[in-house]
Structure formats: C-alpha cells, structure tokens
Amino acid sequence: MFTLREILEKTAHSEMTIEEAEKLIRLQAIAELEGIAKIDYNREYRKGIPEIILAENKTVEDTVDISLKMLQVTGRVIISRCTLQHIDALKATVPADATCQINRKAKMVTIKNKNYTITASGGRIGLLTAGTSDIAVAEEVKTIAEEMGCTVYAEYDIGVAGIHRLLEPLKDFVQKDVDVLVVVAGREGALPSVIAGMINVPVIAVPTSNSYGFGEKGVSTLMAMLQSCSLGIAVVNIDSGIAAGATATLIANRAAKFRK
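Residues numbered from 1 in each chain as written. Predicted model: local features only at pLDDT ≥ 70, side-chain atom pairs only at ≥ 80, totals over all residues. Heavy atoms only, no water.

Visitor: How should the overall build of the protein be read in this particular structure?
Guide: The number of helices and strands found in the protein is ten helices and eleven strands. A compact globule built from 260 residues should have a C-alpha radius of gyration of about 18 Å, and the protein, at 20 Å, falls within 12% of that. Taken along the three principal axes of its C-alpha coordinates, the protein extends 60 × 45 × 30 Å. Counting all 260 residues of the protein, 46% fall into the buried class. Of the contacts formed within the protein by residues at least 6 apart in sequence, a portion of 65% connects residues at least 24 apart. Here the protein displays about 13500 Å² of accessible surface, and carbon together with sulfur accounts for 55% of that area. (Helix = DSSP H or I, 4+ residues; strand = E, 2+ residues; numbered from the N terminus. Rg over C-alpha atoms; globule rule 2.2 N^0.38 Å. Buried < 20%, exposed > 50% of the residue type's maximum accessible area, 1.4 Å probe, protein only. Contact = heavy atoms within 4.5 Å. Areas by Shrake-Rupley, 256 points an atom, 1.4 Å probe, with all protein chains shown as cover.)

In structure tokens, the structure reads:
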C-alpha cells in the first residue's frame, strides 16, 4: 500500500497513470480493519490534522493492530491517552524501519517510518501552563502542534498566584510574533483571562481536571473560562490538549501560509 505522497510522486514521474492513482486514492480514503476500526487515512490531507488513535478504553491488541495499519499506509501514527501497557506493547512491535517517540508526560506515542519527514509550516504557537500539574495536558498540545510542522514556545508554571512570572514570557511571545497562544490551567482557571487582556493574538484556554472540593475535576475551571470577560478566548473541554493543539495548529499554519 502506497502513502498518498508516494502516489502523487509516482504520478508526477509517470510511474503511475492518473487512473491508477485515482483508484488507489479512493481505496485509501477509509479502510476497515477486521471489523474493529474504520481508519480515516486521508484526514490530514483533507483538513490539516492527522487521524489520532485514541488508546483509552481500547485493548492493547486492538491499539497495536490499528496503529501498525495506520503506519503502513501513511508512514506515521500518533497514539494518545496510552497506558503503560499500551506504551510497552507499541514499543515492542515497532518495525525495524521505523522509529518510536514516547512522551510519557502526555501519555502519547508517535511511530514514524525512518524516511518520514515533517515539513516546517512556519506556524508559531505560544504555550503556557498555570502550574506544573498542568504540564501533562500541555504536552499533548505540544506534540500535536510539532507533528503538524509548528514551532512551539513553551513556558510552564506561570500561574496567577505569582503573576509577576508572566511578564517575561509574554514579552518573549510578542517578540517571537506567535500566531496563537494556548493557555492550560486548573483550579479557578484565571490565567487565560489575564493573558487575553494583555496580548493581541487568539487565546485557546484549556481547563484541566486539577481541582478538588466545590467544582472539582475541572468543572469550576471550565465554567470560569467560559464566563471570561476578556475577549479573544476560545475554550476547549476539560483536559482536551489534543483539541487545543489541533485548533492552534490550524490557526498558526494558516497564518504562516499568508505570511509567506
């Protein structure tokens, strides 16, 4: 099975007819794997974000089978919400011609063919967390954005409890002319509102489940972010680093396209 890029290259070099290429592309659009999954191989080319395999609540065996099939067709597979068992199994089954990157904080695994390359898009994303306990979700953002060609500038543990820590990172983001900021916070979720009132780029707020007591597990954080009086904030669901990273990437990559 060829990747879409290989099909286009073969067609451009007259190694494949247009009719053969069209047939292969149609066959690759969505593939079914032994009745357990329908994999959207062309999502990245259609919308700029690859299909990401969610390991959560999947058996280790199904996760491995789906991942290897995705790798075979596209040359890369990204797996999120992995348990230690998922990580160990994926690492043990990586083909000899592929590499495996494990981000244990994000609970993510990325497997790529050794000849797979990421083209830098020119998109620039600033990434902040309120606390160290928010880093796991932020690392999901970072992984997705970097896999889609963006440069990510990350600063962690800069919450409103020590607001003086925020000024230098914000100045740095302005100097680097970032296209979008992703702000990850728990507890009262105040940091995105503060930042949105200080900078003229879109802010994506990510509430985390790092709260307890009244409004526990991120509920009060989400409500606070949705009620923000600062304009220019979009809010994703609790602990949704993947969603925030995907949205930030679309914004940054589109900005980079027109900057060129």
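Following the structure, the description resumes.
Visitor: Honestly, the sheet that holds strand S10 (residues 203-207) in this entry has me stumped. Any pointers?
Guide: Paired through their backbone hydrogen bonds, the strands of a sheet run either parallel or antiparallel. Strand order in the open sheet made by the five strands is S8-S7-S9-S10-S11, with parallel pairing throughout. Each end of this open sheet is capped by a strand with a single partner; those strands are strand S8 (151-155) and strand S11 (233-235). Direction aside, the axes of adjacent strands within the sheet are offset by 25° on average. With five bridges joining them, strand S7 (residues 124-129) and strand S9 (residues 180-185) adopt parallel strand pairing. Its bridge partner being in S9, Gly126 is matched across the sheet by Leu181. Most of the contacts of helix H6 (residues 135-147) go to S7, to which it runs at about 170°, and overall it touches S7, S8, S9 and S10. Taken strand by strand, helix H10 (residues 241-259) contacts S7, S9 and S10, and its axis lies near 170° from that of S10. (Pairing = 2+ DSSP bridges. Axes fitted to C-alpha atoms, helices over the stretch in contact; angles between N-to-C directions.)

Visitor: What am I meant to see in unusual backbone geometry here?
Guide: One can expect most non-glycine residues to show negative phi and most peptide bonds to be in trans. Here Ser14, not a glycine, exhibits a phi torsion of approximately 60°, which is positive. Along the chain, the position of Ser14 falls in the loop between helix H1 (4-12) and helix H2 (18-28). Taking the relative accessible area as the measure of exposure, Ser14 reaches 66% and is therefore exposed. At Asp177, a residue that is not glycine, the phi angle is positive and equals roughly 55°. Counting through the fold element by element, Asp177 comes out in the loop between helix H7 (167-176) and S9. With relative accessibility at 44%, the residue Asp177 sits in the partly exposed group.

Visitor: Got a minute to help me understand the sheet that holds strand S4 (residues 76-80) in this structure?
Guide: Strand order across the open sheet formed by four strands is S3-S4-S6-S5, with mixed pairing between neighbours. Here the strands that pair on one side only, and so sit at the sheet edges, are strand S3 (52-54) and strand S5 (98-103). Taking the axes of each pair of neighbouring strands and ignoring which way they run, one obtains an average angle of 20° across the sheet. For S5 and strand S6 (residues 108-113), the ladder comprises six bridges, and the chain directions are antiparallel. Bridge pairing in S6 links Asn103 to Met108. With respect to the sheet, helix H4 (residues 60-74) is in contact with S3, S4, S5 and S6, its orientation differing from that of S4 by roughly 150°. Contacts between H6 and the sheet are confined to S3, S4, S5 and S6, with S6 contributing the most and set at about 15° to the helix.

Visitor: I tried to follow helix H5 (residues 84-92) on my own but got confused; where do I start?
Guide: Because the α-helix completes a turn every 3.6 residues, residues three or four places apart line up on one side. Burial in H5 covers these residues: His86, Ile87, Ala89 and Leu90. Of the surrounding elements, those touching the buried residues of H5 are H4, S4, S5 and S6.

Visitor: Help me understand the packing of H6 against H10 in this model?
Guide: Each pair of packed helices can be summarised by the angle the axes make with each other and by the distance between the axes. Contact geometry for H6 and H10: axes closest at 7 Å, N-to-C directions at 40°. Two packed elements cross with a definite hand, and for H6 against H10 that hand is right-handed. On H10, the residues touching Val137, Glu140, Val141, Ile144 and Ala145 of H6 are Gly241, Ile242, Ala244, Gly245, Ala246 and Thr249. Here the residues of the contact of H6 with H10 are counted per class, giving seven nonpolar, three polar and one charged. (Left-handed = near helix turned anticlockwise from the far one by under 90°. Nonpolar A, V, L, I, M, F, W, Y, C, P; charged D, E, K, R; others polar.)

Visitor: Hey, could you run me through the environment of Val182 in this one?
Guide: Here Val182 shows up in strand S9. Other than its neighbours up to four places away in sequence, Val182 contacts Ile125, Gly126, Leu127, Leu128, Val141, Ile204, Val206, Ala244 and Ala248.

Visitor: When you look at the environment of Gly189 in this model, what are you seeing that I'm missing?
Guide: Inspection of the secondary structure puts Gly189 in the loop between S9 and helix H8 (191-196). Judged by relative accessible area, Gly189 falls into the buried class, the value being 3%. Between the C-alpha atoms of Gly189 and Met16, which are 173 residues apart in sequence, the distance is 54 Å. Residues within four places of Gly189 in sequence aside, it is in contact with Thr221 and Met225.

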